[in-house]
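# Architecture and fold: a report
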Amino acid sequence: MKIYKLLFSPTGGTEKVADILANSLGTDTETIDLSEASFKGCSLNGESVAVIAMPSFGGRAPKLAINRLKTVKGNGTKAVAVAVYGNREQEDTLIELSDTAKACGFNVIAGISAIAEHSIAHQYAASRPDAKDAEQLEAFAKKIIEKLESDTIIAPQIPGNHPYKKAGAGMVPKASSACVSCGFCAAKCPAEAIDKNNPKKTDKNACINCMRCIAICPQGARMVSPMMVKAVGAALKKACSKRKDNKLFD
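Each residue is numbered by its place in its chain's sequence as written, counting from 1. Side-chain atom pairs in this predicted model are given and counted only at pLDDT of 80 or more, local residue features only at pLDDT of at least 70, and totals for whole chains, interfaces and linings cover all residues. Derived side-chain values reflect all non-hydrogen atoms in the structure, with water molecules and hydrogen atoms excluded from consideration.

### Overview of the overall build of the chain
Note the following rule: Per the convention used, a helix needs a DSSP run of H or I reaching at least four residues, while a strand needs a run of E reaching at least two, with both numbered from the N terminus. The quantity called the radius of gyration is restricted to C-alpha atoms. Its globule counterpart is 2.2 Å times the number of residues to the power 0.38. Buried, partly exposed and exposed residues are distinguished by accessible area as a fraction of the type maximum, computed with a 1.4 Å probe on protein chains only: under 20%, between the cut-offs, and over 50%, respectively. For this analysis, residues touch if any pair of their heavy atoms sits within 4.5 Å. None of His or the chain ends enter the tally, which takes Lys and Arg as positive and Asp and Glu as negative. Lys charges are placed at NZ, Arg charges at CZ, Asp charges at CG and Glu charges at CD.
When helices and strands are counted, the chain shows 7 helices and 10 strands. Against the 2.2 N^0.38 benchmark of 18 Å for 250 residues, the chain shows a C-alpha radius of gyration of 18 Å, consistent with a compact globule. Going through the 250 residues of the chain one by one, you find that 48% of them count as buried. Here the contacts in the chain between residues at least 6 apart in sequence split such that 82% fall between residues at least 24 apart. Charge separation in the chain, taken as the distance between the mean sites of 34 positive and 25 negative side-chain charges, equals 9 Å.

Here it is in structure tokens:
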């Protein structure tokens, strides 16, 4: 059974979750990277299974990722929708992802709210997914396999609201004095918001606040305001300090 991983994982946490799940579902896996600026859509074989995973940005699925998912033809492919968040709350991310996948022709058979290290306040869910997460996700995968093998597949009850919550604003990373204009961030920016000719320049209107440029910069020269990061950490302390488990909806 072919397992496709349709990923939007700017800082790597979502990819780690999807890898654990997909590798537990089967050995024949292939990645379709929705974060590639050149992505123009594709069509899947209805005999395969898709793990569709993206992060939660303030309780919503990233608009750019959703728009790219809309260019994929599911052709009845059974899918697991995975929303990954930094230990606060996924809110309407999973329902938005699931709704979009269904509209693209996927048969969504399960949904997962999973935890990964927060992309801004790294002290929350640090180093997750960890061994305990892997154990939970592997157990989830067994339930999904059982569902795939059953004669009747009942649609999962995915939590969330209609209409979705309003998307919030984010922080735009900037280049520090350590920037050597290597252009790596510009080449990898999912939104092409960084000027390839002048990587120190970022289009704040195009930036989706995904933090990839910070995560991948070889010089550690991309950053958001330390004071803003500190403020975000303080604001999230009550909601994020206690460990949350991954949840399966089947």
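Structure's up, so let's keep going.
### Things to note about empty space enclosed by the protein
Threshold: Using a grid of 1 Å spacing that covers the protein atoms alone, one calls a set of points a cavity when a 1.4 Å probe fits there but cannot get out, and a pocket when the set is open and has protein on both sides within 12 Å along at least five of seven lines; lining residues are those with an atom within 4 Å of a point. Grid points are joined across faces, edges and corners, and a volume is the space filled by probe spheres set on the points. Residues are grouped as follows: Ala, Val, Leu, Ile, Met, Phe, Trp, Tyr, Cys and Pro are nonpolar; Asp, Glu, Lys and Arg are charged; all remaining types, including Gly, are polar.
Going through the model one piece at a time under the given rule, you end up with 2 cavities of 30 Å³ or more. Here the largest cavity defines a volume of roughly 110 Å³. If you trace the largest cavity, you find 15 residues lining it, with Cys 189, Ile 194, Cys 207, Cys 210 and Cys 213 closest to the centre. Broken down by class, the residue content of the lining of the largest cavity amounts to 11 nonpolar, 2 polar and 2 charged. Each pocket or cavity is described by its volume, and for the second largest cavity that value is around 60 Å³. Along its surface, the second largest cavity is lined by Cys 179, Val 180, Ser 181, Cys 182, Gly 183, Phe 184, Cys 185, Cys 217, Pro 218, Gln 219, Ala 221 and Arg 222.

### Points about the pattern of salt bridges
Between side chains of opposite charge, a pair can form as their charged atoms come close. Heads up, the rule is: We define a salt bridge as a contact between a side-chain nitrogen of Lys or Arg and a carboxyl oxygen of Asp or Glu at a distance within 4 Å.
Summed over all chains, the structure comprises 10 salt bridges. Note that Arg 128 and Asp 133 form a salt bridge whose closest N and O atoms lie 2.6 Å from each other. Classification of Asp 133 by relative accessible area gives buried; the value is 0%. Taken together, the shared-partner salt bridges connect Arg 128, Asp 130, Asp 133 and Arg 243 into one network.

### What about the packing of aromatic side chains?
Using the following cut-off: A pair of aromatic rings is counted whenever rings of Phe, Tyr or Trp (Trp by its six-membered ring) have centres within 6.5 Å, and the orientation is called stacked for planes under 30 degrees apart, edge-to-face for over 60 and tilted otherwise. Lysine and arginine charges are scored as sitting over a ring when NZ or CZ, respectively, is within 6 Å of the ring centre and within 35 degrees of the ring normal.
Counting across every chain of the model gives 0 aromatic pairs. One Lys or Arg, Lys 2, reaches over the ring of Tyr 4 and ends 5.6 Å from the middle of that ring.

### Description of the sheet that holds strand β6 (residues 78-85)
Rule in force here: At least two bridges found by DSSP between two strands are what make those strands a pair. Fitted lines through C-alpha atoms give the axes, limited to the stretch in contact for helices. The angle between two N-to-C directions lies from 0 to 180 degrees.
Pairing in this open sheet of 6 strands is mixed, and the strands run β2-β1-β4-β6-β7-β10 from one edge to the other. Since the sheet does not close on itself, it has two edges, and those belong to β2 (28-33) and β10 (247-249), each with one partner. Taken over all neighbouring pairs, the strand axes of this sheet differ in orientation by 20° on average, direction set aside. Along the sheet, helix α1 (residues 13-25) contacts β1 (2-7), β2, β4 (49-55), β6 and β7 (107-115); its crossing angle with β4, the most-contacted strand, is approximately 165°. Helix α4 (residues 131-149) rests against β4, β6, β7 and β10 of the sheet, and its axis sits at about 175° to β7.

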